[in-house]
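Chain residues, written in single-letter form:
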Amino acid sequence: MLFEVANLTKRFDGLTAVADLSFSIAHGEIVGVFGPNGSGKTTLLSLIAGMLVPTAGRIVWKDREIQGAKPHDIAAAGVVKTFQNPQLFAELSVFEHLMIAGHLMLKRRLGWRRAATLFNPDTGHAGADLEKRATDVLRLCRLEAARDQAAAGLSYGEEKMLGVAMALMCEPELLLLDEPASGLGQPEIENLEAVLRDLRSHGTTLCVIDHKVGFLGKLADRAISLHHGAKIAEGTPAQVLNDPRVIAAYLGQHHA
Ligand SMILES: Nc1ncnc2c1ncn2[C@@H]1O[C@H](COP(=O)(O)OP(=O)(O)OP(=O)(O)O)[C@@H](O)[C@H]1O
Ligand SMILES: [Mg+2]
């Protein structure tokens with residue numbers, strides 16, 4: 001198995017945000033994570049990406065236990081999380097954001113001293129490689145038309161897509177997306193869906209959180225649903241979304 005979580009638990013003082021959770025992801029799958037507000041979805045992705053340290057349990061990536069490792073080491077190993085709202089620099093262009101993301105990734109991967117020699121034109125071609133990668137990522141993310149536009153002028157959908165594009169500069173093998181469709185209109189959601197499908201066909205494995213059933217229900221091959229941090233259903237998206245426990249969990253939220 002490419003990726004596995006076993007008996008993962010995260011407690012914040014008295015609150016158990018992720019409760020004895022186990023599931024796995026195979027290479028090339030798109031796995032959807034459903035669950036009402038506060039059910040532990042973001043905490044789960046933050047644990048996987050190393051932004052949080054689990055209270056108990058294992059996270060296994062390619063037969064290596066990675067729980068508790070630093071985010072940059074996990075990213076360098078191929079597991080990358082996008083942020084729900086990427087922090088952008090208003091005056092920098094889309095292309096500049098991608099180049100920064102690429103440079104940071106290389107520096108983390110190589111160590112700062114070796115990275116400096118790489119950017120010396122006599123010793124390395126990393127700069128040119130990054131430009132090529134940024135151009136490929138722009139095309140994949142349908143951001144070519146916005147290449148030289150300052151981030152301040154982007155639509156919300158383009159901002160979110162730029163967040164995905166910056167994550168792609170880190171060459172993820174497993175990409176973790178936290179509510180990529182939230183706040184997007186229907187045409188932007190369709191665009192996002194096409195981008196994520198392309199990504200998968202390029203060999204990237206995806207784990208996606210979203211509340212938008214129409215979007216993630218269609219996109220995911222397999223789904224799990226969380227409630228109070230525990231897994232209450234697993235199966236095809238249709239099976240999970242029709243599960244009485246999942247319906248009750250969401251209804252409980254609306255009545256609350
Ligand atoms: N750093 C923290 N300290 C204390 N409690 C936290 C922390 N982070 C999350 N929690 C709590 O853990 C629970 C799960 O939160 P989490 O953000 O993972 O839920 P979620 O499923 O992503 O919700 P949403 O759909 O609203 O994004 C919530 O009760 C939340 O208040
Ligand atoms: Mg969340």
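Preceding this section is the structure that the text describes.
Cut-off values and rules
- Residues numbered from 1 in each chain as written.
- Chains lettered and ligands numbered in written order.
- Predicted model: local features only at pLDDT ≥ 70, side-chain atom pairs only at ≥ 80, totals over all residues.
- Heavy atoms only, no water.
- Near = heavy atom within 4 Å.
- Polar contact = N/O pair within 3.5 Å; in protein donor to acceptor, adjacent residues only side chain to side chain.
- Areas by Shrake-Rupley, 256 points an atom, 1.4 Å probe, with all protein chains shown as cover.
- Helix = DSSP H or I, 4+ residues; strand = E, 2+ residues; numbered from the N terminus.
- Nonpolar A, V, L, I, M, F, W, Y, C, P; charged D, E, K, R; others polar.
- Expected span 1.5 Å × (residues − 1).
- Buried < 20%, exposed > 50% of the residue type's maximum accessible area, 1.4 Å probe, protein only.
- Pairing = 2+ DSSP bridges.
- Axes fitted to C-alpha atoms, helices over the stretch in contact; angles between N-to-C directions.
- Contact = heavy atoms within 4.5 Å.
- Left-handed = near helix turned anticlockwise from the far one by under 90°.

Novice: Looking at this structure, I do not really get the site of ligand 1. What am I missing?
Specialist: Taken together, 13 residues form the shell around ligand 1, and within it Asn37, Gly38, Lys41, Thr42 and Thr43 come nearest. Contacts to ligand 1 include glycine 40, whose backbone N or O atom sits 3.0 Å from an oxygen atom. In the complex, the protein chains occlude 60% of the 640 Å² of accessible area that ligand 1 would expose alone. Looking at the shell around ligand 1 element by element, the count peaks at three residues for helix H1 (residues 41-49). Partitioned by chemical class, the residues of the shell around ligand 1 number four nonpolar, seven polar and two charged.

Novice: Explain helix H6 (residues 156-168) here, please?
Specialist: With 13 residues, H6 should cover 18 Å at 1.5 Å per step; its first-to-last C-alpha distance of 19 Å lies within 8% of that length. Here H6 lies mainly inside the structure; ten of its 13 residues are buried. Regarding H6, the residues found buried are Gly157, Lys160, Met161, Leu162, Gly163, Val164, Ala165, Met166, Ala167 and Leu168.

Novice: In this structure, what is going on with the pairing of strand S2 (residues 15-25)? I would like to understand it.
Specialist: Within a regular strand, side chains alternate between the sheet's two faces. For strand S1 (residues 3-12) and S2, the ladder comprises seven bridges, and the chain directions are antiparallel. Each bridged residue has a counterpart across the sheet, and for leucine 8 the counterpart in S2 is leucine 21. Counted along the chain from S1 to the antiparallel partner S2, the turn is two residues long, and its residue aspartate 13 has a positive phi close to 50°.

Novice: Where do I start with the sheet that holds strand S7 (residues 174-178) in this structure?
Specialist: Paired through backbone hydrogen bonds, the strands of a sheet run either parallel or antiparallel to each other. The six strands are arranged S6-S7-S8-S3-S9-S10 in an open sheet whose pairing can be described as mixed. With partners counted over all chains shown, the strands left at the sheet margins are strand S6 (79-81) and strand S10 (230-235), one partner each. On average, each strand axis in the sheet is inclined to that of its neighbour by 20°, with strand direction left out of account. Pairing geometry for strand S3 (residues 30-34) and strand S9 (residues 222-227), over four bridges, is parallel. From the neighbouring strand, phenylalanine 34 faces S9, where its bridge partner is serine 225. Those strands touched by H1 are S3, S6, S7, strand S8 (205-209) and S9, and its axis lies near 150° from that of S7.

Novice: Teacher, can you tell me more about the packing of helix H3 (residues 94-110) against H6 here?
Specialist: Packed helices, taken two at a time, are described by the angle between their axes plus the distance between the axes. Where H3 contacts H6, the axes come no closer than 8 Å and their chain directions differ by 30°. Judged by the twist between their axes, the crossing of H3 over H6 is right-handed. In this structure, H3 uses Val94, His97, Leu98 and Ala101 to contact H6, whose residues at the interface are Leu162, Ala165 and Met166. In terms of residue class, the contact of H3 with H6 is made up of six nonpolar, one polar and no charged.

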